[in-house]
Amino acid sequence: MTISPATTPIQAFHLYDTTLRDGSQQEGLTLSVTDKLAVARHLDELGVTYIEGGWPGAVPRDTEFFARAAGELELRTARLAAFGATRKAGVAVGEDRQVAALVDSGAPTITLVAKSDLRHVTGALRTTAEENLAMVRDTVEHLVGLGREVFVDAEHFFDGFLHDPEYTTSVLLAAHEAGAAVMVLCDTNGGMLPHQVTEIIEELRERLAAAGAHDARLGVHTHNDTGCAVANAISAVRAGITHVQGCINGYGERTGNADLVTLMADLQLKMGMDLVPAENFAETTRIAHAIGEIVNMLVNARAPYVGTSAFAHKAGLHASAIKVDPDLYQHTDPRTIGNDMRMIISDMAGRASIELKGRELGFDLADRPELLSRLATTVKQRESVGYSYEAADASFELLLLDELGRAPSYSTVESWRATSQLGRDGTLESEATVKLVGGGEGPRRREVAIAEGNGPVNALDLALRAALREHHPEIDDFELRDFKVRILDAQHGTDATTRVLVRTSGRGLEFQTVGVGPNVIEASWEAIYDAYTYGLYKSGV
């Protein structure tokens, strides 16, 4: 069966993101609950259909995520999904604690992983083929009966189908008959090639139709172990699949999941599918990079569509041709996805993006072309040395206020110092001193604060808070929630430039600031100082 992608409306096609669950299984990628909420907001802004939040009941952090999401996450376009497993072998579904945790998560959609490879049923689950089918059937019926939308991820589907197509098909039939809305075909080991995906889906559809399940809705979940995750997903779509799963920027264990950014762009730009509105689509590059900063993994510069090099051209033959017609050396207009063509190494900031960001922050800059040009130049210069304002809106707003001549000032710093030394007893002692003149618009007074901390950055933070507290006790309402460090030019070794991103919350606010310097202490000071300045300003001090 082949669909006509150009006529597939958004309601009939699912973009299902699993960055918060499967993506977080990538080596070196760890998300706090606050990170997960921030990523979910960006995914909703992009326009995905489903956001898989994690595995409540099995992972404490995911349980907390769903609890906080109920009060903190307002989704405009996406639907939240909880991931879990079918009931355990030999356990009644109503007595299975993990199934109960899925219900307690409050997620309107529940995605169940089910064994569909007979070898995994007998070897990994250590149960019978019949009991596995009952586990699928019982769990789906139970959750559907509670009013939940249920998807079933058929784990190791493609490998299982090649081994025993009859049993693998029976698992999908059990899920379908029990009321599952979508049966997702998973290339769990990532070993398939596009032609295999097409052939297997075509044979599967024949088997389902013969069993009276011609209306069964199928999805696909692909991994990139052969470098074919996106290509395999596209092959599945061409074979009639109407639900695709993936991760933003291709995150995921081993070599990653299908890159949902690339997949979405291929389907919308190359196959004519109307998946997300044009205005959302134009934000894709910004969102991909913003999520990269949150997870502390930069988007690959050579990533299709959204990489900084995706539409970059060196001087020479390309430059001459592009002067005549940019499309001569570009497969699509980069502006449709929020990227831009560039001839030299630069960032993506321009007057239009500065104006748009200013409007988002409440500043109308449309009639200030000189300021826009000046600010765009400043942003480019600062980003060229390591600043990242996409992930640090607070720092950008402070920069904008400075250009407008409205920069808030709550103190004048005379000096700061942080030291660490190894004590005779083998313990590391860290101490910081901050000297400043505080008071804002009130009486000015010199403050000297000394603090000890768990490392020089913590000591510096405590000393700064102590110095500011004398004039602004509101400082105690703010808390540094996250701290990320990135080495920008690692080839310089210990002399490399460092970027620090600090996430702060308090007084109903949550924001991020950035600092850059030749060492982690200097970069940390800038990010922390800006955080407290911004926090006081936004809370009306």
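Residues numbered from 1 in each chain as written. Predicted model: local features only at pLDDT ≥ 70, side-chain atom pairs only at ≥ 80, totals over all residues. Heavy atoms only, no water.

At their nearest, the axes of helix α5 (residues 129-145) and helix α7 (residues 165-178) sit 8 Å apart, and the two run at 25° to each other. Taken together, the axis directions place α5 and α7 in an arrangement best described as roughly parallel. Judged by the twist between their axes, the crossing of α5 over α7 is right-handed. Within the contact between the two elements, α5 uses Ala129, Asn132, Leu133, Val136, Arg137, Val140, Glu141 and Val144 and α7 uses Tyr167, Ser170, Val171, Ala174, Ala175 and Ala178. (Axes fitted to C-alpha atoms, helices over the stretch in contact; angles between N-to-C directions. Helix = DSSP H or I, 4+ residues; strand = E, 2+ residues; numbered from the N terminus. Parallel < 35°, antiparallel > 145°, perpendicular 65-115°, else oblique. Left-handed = near helix turned anticlockwise from the far one by under 90°. Contact = heavy atoms within 4.5 Å.)

Scanning all chains against the criterion turns up 11 aromatic pairs. Measuring from ring centre to ring centre gives 5.0 Å for Tyr50 and Phe151, while their planes differ by 75°; the resulting arrangement is edge-to-face. Of this pair, Tyr50 sits in strand β2 (residues 50-54) while Phe151 sits in strand β5 (residues 149-155), placing them 101 residues apart in sequence. The class of Phe151 is buried, set by a relative accessible area of 0%. (Phe/Tyr/Trp six-rings, centres within 6.5 Å; stacked < 30°, edge-to-face > 60°. Buried < 20%, exposed > 50% of the residue type's maximum accessible area, 1.4 Å probe, protein only.)

Further remarks concern unusual backbone geometry. In this model, Asn249 sits at a positive phi of 65°, which is unusual for a non-glycine residue. You can see Asn249 is positioned in the loop between β8 (243-246) and α10 (260-270). You can call Asn249 buried: its relative accessible area is 16%. Positive phi outside glycine occurs at Arg254, with the angle close to 55°. Looking at the secondary structure, you find Arg254 in the loop between β8 and α10.

What follows deals with the confidence of the model for the protein chain. Overall, the prediction assigns the protein chain a mean pLDDT of 89, with 90% of residues at 70 or greater. Confidence drops under pLDDT 50 across residues 315-320; counting only partners more than four residues distant or on other chains, this segment forms five contacts. Contacts from residues 343-349, a stretch scored under 50 in pLDDT, to residues over four places away or in other chains number 14 contacts. (pLDDT = per-residue confidence, 0-100.)

What follows covers the nonpolar core. By size, the foremost hydrophobic cluster in this structure holds 94 residues, and its most contacted members are Leu15, Phe65, Phe157, Phe158, Leu185 and Leu267. Look past the residues within four positions of Leu185 in its chain and what remains in contact with it is Ala154, Phe157, Phe158, Leu172, Ile201, Leu204, Leu218, Gly219, Val220, His221 and Ile241. With 50 residues, the next largest nonpolar core counts Leu375, Leu436, Ala459 and Phe511 among its residues. (Core = buried A, V, L, I, M, F, W, Y, C linked by side-chain atoms within 4.5 Å.)

Once that is clear, we can look at the packing of helix α17 (residues 456-469) against helix α18 (residues 520-538). Direction vectors running N to C along α17 and α18 enclose 35°, while the axes themselves pass 10 Å from each other. Handedness of the α17/α18 crossing: right-handed. Touching Pro456, Val457, Leu460, Asp461, Leu464, Arg465 and Leu468 of α17 are Ile521, Ser524, Trp525, Ile528, Tyr529 and Tyr532, all from α18. By residue class, the composition of the contact of α17 with α18 is 10 nonpolar, one polar and two charged. (Nonpolar A, V, L, I, M, F, W, Y, C, P; charged D, E, K, R; others polar.)

Taken together, the side chains of Phe483, Val485, Ile487 and Val520 make up a nonpolar region of the molecular surface, amounting to roughly 290 Å² of accessible area. Here Phe483 lies in strand β12 (residues 479-487). We classify Phe483 as partly exposed; its relative accessible area is 36%. (Patch = residues over 30% accessible without salt bridge, like charges linked within 9 Å, V, L, I, M, F, W, Y side chains within 5 Å. Areas by Shrake-Rupley, 256 points an atom, 1.4 Å probe, with all protein chains shown as cover. Salt bridge = Lys/Arg side-chain N within 4 Å of Asp/Glu carboxyl O.)

Attention shifts here to the pattern of salt bridges. One pass over the full model with this rule turns up 29 salt bridges. Ionic pairing is found between Arg382 and Glu526, a salt bridge with its closest N-O pair at 3.5 Å. Taken as a pair, Arg382 in helix α15 (residues 369-384) and Glu526 in helix α18 lie far apart in primary sequence, 144 residues in all. Two residues, Asp482 and Lys484, come together in a salt bridge whose shortest N-O distance is 2.7 Å. Residues joined in a network through salt bridges with shared partners are Arg21, Asp22 and Glu52.

So, about helix α9 (residues 229-238). In terms of residue burial, α9 counts as a mostly covered element, since eight of its 10 residues are buried. Turning to α9, its buried residues are Ala229, Val230, Asn232, Ala233, Ile234, Ser235, Ala236 and Val237. Turning to α9, the residues buried within the fold contact β6 (182-187), α8 (194-210), β7 (218-222), β8 and α10.

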